[in-house]
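# Observations on the model geometry
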Amino acid sequence: MEKNVCDSVIGTLLNIQGKTKDCLNTRQDLAGIGIRSQLHPRSDGKKIYLSPACHTLSIKEKISFCQYLRWVKVPQGYSSNIKSLVQLKELKLEGLKSHDCHVLMQQLLAVVIRDILPNKVWLAITRMCFFFNAICSKVLDPVKFDDLENEAAIILCQLEMYFPPAFFDIMVHLIVHLVKEIQCCGPVYLQWMYPVERYIKILKGYTKNLHHPEASIVERYIAEEAIEFCSEYIEKAKPVGLPEV
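Residues numbered from 1 in each chain as written. Predicted model: local features only at pLDDT ≥ 70, side-chain atom pairs only at ≥ 80, totals over all residues. Heavy atoms only, no water.

## Quick notes on the confidence of the model for the protein
Test applied: Confidence scores here are pLDDT values: one per residue, from the predictor, ranging 0 to 100. Under the DSSP-based scheme used, a helix requires at least four consecutive residues in state H or I and a strand at least two consecutive residues in state E, with every element numbered from the N terminus.
Across the protein, the average pLDDT comes to 89, with 98% of residues at 70 or higher. Helix H9 (residues 194–204) is the least confidently modelled element of the protein, averaging 85 in pLDDT, while helix H5 (residues 119–135) averages 94, the highest of any element.

Laid out in C-alpha cells, this is it:
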C-alpha cells in the first residue's frame, strides 16, 4: 500500500503520464461535480487548457526535484541506488520497487518537496510521511493508537483540499485502517516482505543454467551450505602433529 500511495503522489507531482491523478478526465470530473471552478478545463475551440493546481510543479521545480534524488547519497545497504531510478531528460522516476517507495515516503520525499511546494501542500504530504514513519516504528505505544488513527483521518482531509478526487482511490483510503491492522496483527516490521525479497534476489543470482533455473539454484545452495559447514569445522579443528603453545 505504501508503494501505491508513493506512486500516486510522485506521479501527480511530476505529472508522469499514466501515473498522474491530475489529467483532463480529472478536470472534467471537477466540472461535472461543480467544484473548484478555477481548475475546470478551458477551450478556445482548438486547444484545451488546464490551469495549474497548487500541487502542479513547473519545469524548473521538476528539475530541482529530480536533481536532488540524483545527487542524494545514503549509507551502503540502506536502499537501492536511487540515482539509477531518476530520468533527468523525461523528468520522472522509473523502476521504483516497494522498498524504494518505503525509503522515499519515510525519509526523502518530505525533504525534496520542502522548498518546492506551497507550505499547505508540503505540510499535508509531510504529515503523511511522518504517519507512515510512526506506524513502521519497531516500538509502538498502544496509548497513542487513537491519536494515530485521528491523525490519519486529518491527513486525508487535508489532502482532499489540495488534490483532485481521482487521487483518492481505494489504496489511499486504506490509510485510515492501518492503525486497526497494527492492533490486530502487531508491528508492521514483523509483516514486511523486504527480507524475503532480498533473499529471493540472492537465490536468483545462483541461476547459471537458464534452462533449469530451479536445479541450478538448488545445486548452488547445497554447495554454499557445504562450504560454510566445512569452513566452520576447519576453524574448530585441532591441528595434528603440531605443538600447541
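Moving on from the coordinates now.
## With respect to the environment of Asn4
Rule in force here: Burial here depends on accessible area, computed with a 1.4 Å probe over protein chains only, as a share of the maximum for the residue type. Under 20% is buried, over 50% is exposed, and the range in between is partly exposed.
Within the element layout of this structure, Asn4 appears in helix H1 (residues 2–13). Residue classification places Asn4 among the partly exposed residues on the basis of a relative accessible area of 34%. In this structure the C-alpha to C-alpha distance between Asn4 and Thr207, which are 203 residues apart in sequence, comes to 31 Å.

## Details of a nonpolar patch on the surface
Convention followed: Each patch groups residues whose relative accessible area exceeds 30% and which form no salt bridge, using 9 Å between like charges and 5 Å between nonpolar side chains of Val, Leu, Ile, Met, Phe, Trp and Tyr. Residue burial considers only the protein chains on display, and all accessible areas are found by Shrake-Rupley using a 1.4 Å probe. In the sections that follow, a salt bridge refers to a side-chain nitrogen of Lys or Arg positioned within 4 Å of a carboxyl oxygen of Asp or Glu.
On the surface, Tyr199, Ile202, Val218, Tyr221 and Ile222 cluster together into a nonpolar patch covering about 460 Å² of accessible area. Secondary-structure elements contributing two or more residues to the nonpolar patch are H9 and helix H10 (213–236). Among the elements that make up the nonpolar patch, the one with the highest residue count is H10 (three residues). As for its placement among the helices and strands, Tyr199 is situated in helix H9. Residue Tyr199 is classed as partly exposed on the basis of its relative accessible area, which comes to 39%.

## Focus: helix H3 (residues 59–71)
Where we set the bar: One less than the number of residues in a helix, times 1.5 Å, gives the span that helix is expected to have. The arc in question is traced by the directions running from the helix axis to the C-beta atoms. Contacts are assigned to residue pairs that have any heavy atoms within 4.5 Å of one another.
Counted at 1.5 Å a residue, the expected span for H3 with its 13 residues is 18 Å, and the 18 Å between its end C-alpha atoms agrees. Here H3 has its buried residues at Lys62, Phe65, Cys66 and Leu69. Axial view of H3: buried residues confined to an arc of 85°, hence all on one face. Residues of H3 that are exposed and point over 90 degrees away from its buried face: Lys60 and Trp71. Buried residues belonging to H3 abut H1, strand E3 (86–87), strand E4 (92–93) and helix H4 (98–112).

## Regarding the nonpolar core
Put simply, the rule is: In these notes, a set of buried Ala, Val, Leu, Ile, Met, Phe, Trp, Tyr and Cys residues joined through side-chain atoms within 4.5 Å is what counts as a nonpolar core.
In terms of nonpolar packing, the biggest core is built from 53 residues, with Ile125 and Met128 touching the most fellow members. Among the elements of the structure, H1, H3, H4, H5, helix H6 (145–162) and helix H8 (178–185) are those that each provide at least two residues to this core. Sequence-distant contacts of Ile125, defined by excluding residues within four places in its chain, comprise Val9, Leu13, Leu109, Ile113, Leu117, Leu159 and Phe163.

## Thoughts on the pattern of salt bridges
Overall, the coordinates contain five salt bridges when judged by the stated rule. With a shortest N-O distance of 3.7 Å, Lys21 and Asp169 are connected by a salt bridge. In this pair, Lys21 is assigned in the loop between H1 and helix H2 (24–33) and Asp169 in the loop between H6 and helix H7 (170–173), connecting sequence segments 148 residues apart. Arg127 is the salt-bridge partner of Glu151, the closest N and O atoms lying 2.7 Å from each other. Of this pair, Glu151 sits in helix H6 while Arg127 is found in helix H5, placing the two residues 24 residues apart along the sequence. Given a relative accessible area of 22%, Arg127 falls into the partly exposed group.

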